[in-house]
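# Coordinate inspection notes
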Amino acid sequence: MISQPILPASTDPKDFVIATIGSHSALQILKGARDEGLRNLVICKKGTEDVYKRYGVADEVIVIDDWSEWDSKVEEELIKRNAIVIPHGSFIAYMGHDKVGTMQSMYYGTKEILHWESDRKMERQWLEASNLKLPKVLEKPEDIDRSVIIKFHGAGGGFGYFIANTPEQFYEVKNRKYPDQNDFVIQEYVVGVPIYAHYFYSPITQELEIMSFDKRYESNADSIGRIKAADQLAANIHTSYTIVGNIPIVVRESLLPEFFTMGENVVEQSKKLCGKGLFGPFCLECIVTRKLEILVFEISARIVAGTNPFVEGSPYTALKYDVPMSTGRRISRDIKEAIESGRLEEVLG
Ligand code: AMP
Ligand code: AMP
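Here's what I pulled together on the structure shown here. (Residues numbered from 1 in each chain as written. Chains lettered and ligands numbered in written order. Predicted model: local features only at pLDDT ≥ 70, side-chain atom pairs only at ≥ 80, totals over all residues. Heavy atoms only, no water.)

### Notes on the state of the cysteines
Simply put, the disulfide is a covalent bond whose two ends are the sulfur atoms of two cysteines. One pass over the full model with this rule turns up zero disulfides. Among the cysteines around Cys-286, which has no disulfide bond, Cys-283 carries the closest sulfur, lying 7.3 Å off. (Disulfide = S-S within 2.5 Å.)

### What about the sheet that holds strand E3 (residues 60–64)?
Taken in spatial order, the five strands make up an open sheet running E3-E2-E1-E4-E5, and their pairing is parallel. A strand with exactly one partner marks an edge of an open sheet, and here the two such strands are E3 and strand E5 (106–107). Sheet analysis places strand E2 (residues 39–45) next to E3, joined by five bridges and oriented parallel. Bridge pairing in E3 places Lys-45 opposite Ile-64. Strand contacts of helix H1 (residues 26–35): strand E1 (17–21) and E2, with the helix running at about 175° to E1, the strand carrying the most contacts. On top of the sheet, helix H3 (residues 69–80) reaches E1, E2, E3 and strand E4 (83–85); it is set at about 170° to E2, its chief contact. (Pairing = 2+ DSSP bridges. Helix = DSSP H or I, 4+ residues; strand = E, 2+ residues; numbered from the N terminus. Contact = heavy atoms within 4.5 Å. Axes fitted to C-alpha atoms, helices over the stretch in contact; angles between N-to-C directions.)

### A word on the packing of aromatic side chains
According to the stated counting rule, one finds 16 aromatic pairs in the structure shown. A centroid spacing of 5.4 Å and a plane angle of 50° characterise the contact between Phe-170 and Phe-184, whose relative ring orientation is tilted. Taken as a pair, Phe-170 in helix H8 (residues 167–177) and Phe-184 in strand E9 (residues 184–188) lie far apart in primary sequence, 14 residues in all. For Phe-170, a relative accessible area of 1% corresponds to the buried category. On the basis of relative accessibility, which here comes to 23%, the residue Phe-184 falls in the partly exposed class. (Phe/Tyr/Trp six-rings, centres within 6.5 Å; stacked < 30°, edge-to-face > 60°. Buried < 20%, exposed > 50% of the residue type's maximum accessible area, 1.4 Å probe, protein only.)

Below you can see the structure in the form of structure tokens.
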């Protein structure tokens, strides 16, 4: 079920507050709001507020003991302040999809699209219909005839993925390490470099922008190569993809047209799937092969933490804007323009 918030009639951005929860990309979102002249607030679970105070990016820090206080306390405060909530990766992880759907406060983005993004089958349907190239999916472990990557449902930040080359290898790891988990997908392991493309689509300007690209710094996928092959074998290191940080990337210029087309197709297709379609920040998670084929293995329908290196803007936003434009700031600009033109409803889910 999706609830509709009651919208204030004001066209003055000063009557609104940009709100997010303290984690993931909150620093960037808060700074971005401030740069656009909007007030902001951050909600932190006790013990995590320090960093938001140290950097001084928040006008208000609300500290709660537990996320369960959201219903009883937090939402009421948010509604009182005309707060517009900006979701990010941790927000969805802490709240859960159902709670996001029934939230009463104003929410930037399409709630309905979360449904498509969180179900691997529906996600694949959406991406395939957008004419994107995807890694093959194998139906069952017995079909494993090549290198595959096994992903458990809801694996946060790549935690718990593993590689197998045969059905026997699959069962050996699965039975030993994940005996009780049976919700997984078996994807062809694509040899190439991972590139995360950060997009922004504004329903106000109706333009798709490429904001930046990153790659992830993953432990211990990014540490195995630091020792020689014989030592790798001897140490019996398990390849894991736990995310530790993000590294900025600039892509080969001749790849940009394809990246733009991919983003545009995804937005176009999303409009056929749900009311307002996908808008705001989103990310296509890709592997680029040596033949320069771009395969997409996942979509994130919100701001990703890979945009964090670009608090001061990216080489791409520098081409387009005359101020440092982070994705966080771009969100606030979209909201500001929507409020000023009386179109706020168009950017709320
Ligand atoms: P944290 O607050 O750092 O524990 O992260 C909460 C959620 O956001 C987890 O699901 C993480 O996997 C995800 N997350 C945090 N930082 C990043 C990042 N840099 N890239 C991708 N996901 C992230
Ligand atoms: P994710 O948590 O889905 O973003 O994936 C974590 C990491 O797994 C990525 O950064 C990639 O390095 C790797 N990965 C995911 N899917 C594939 C695939 N199909 N082929 C190769 N590597 C992959």
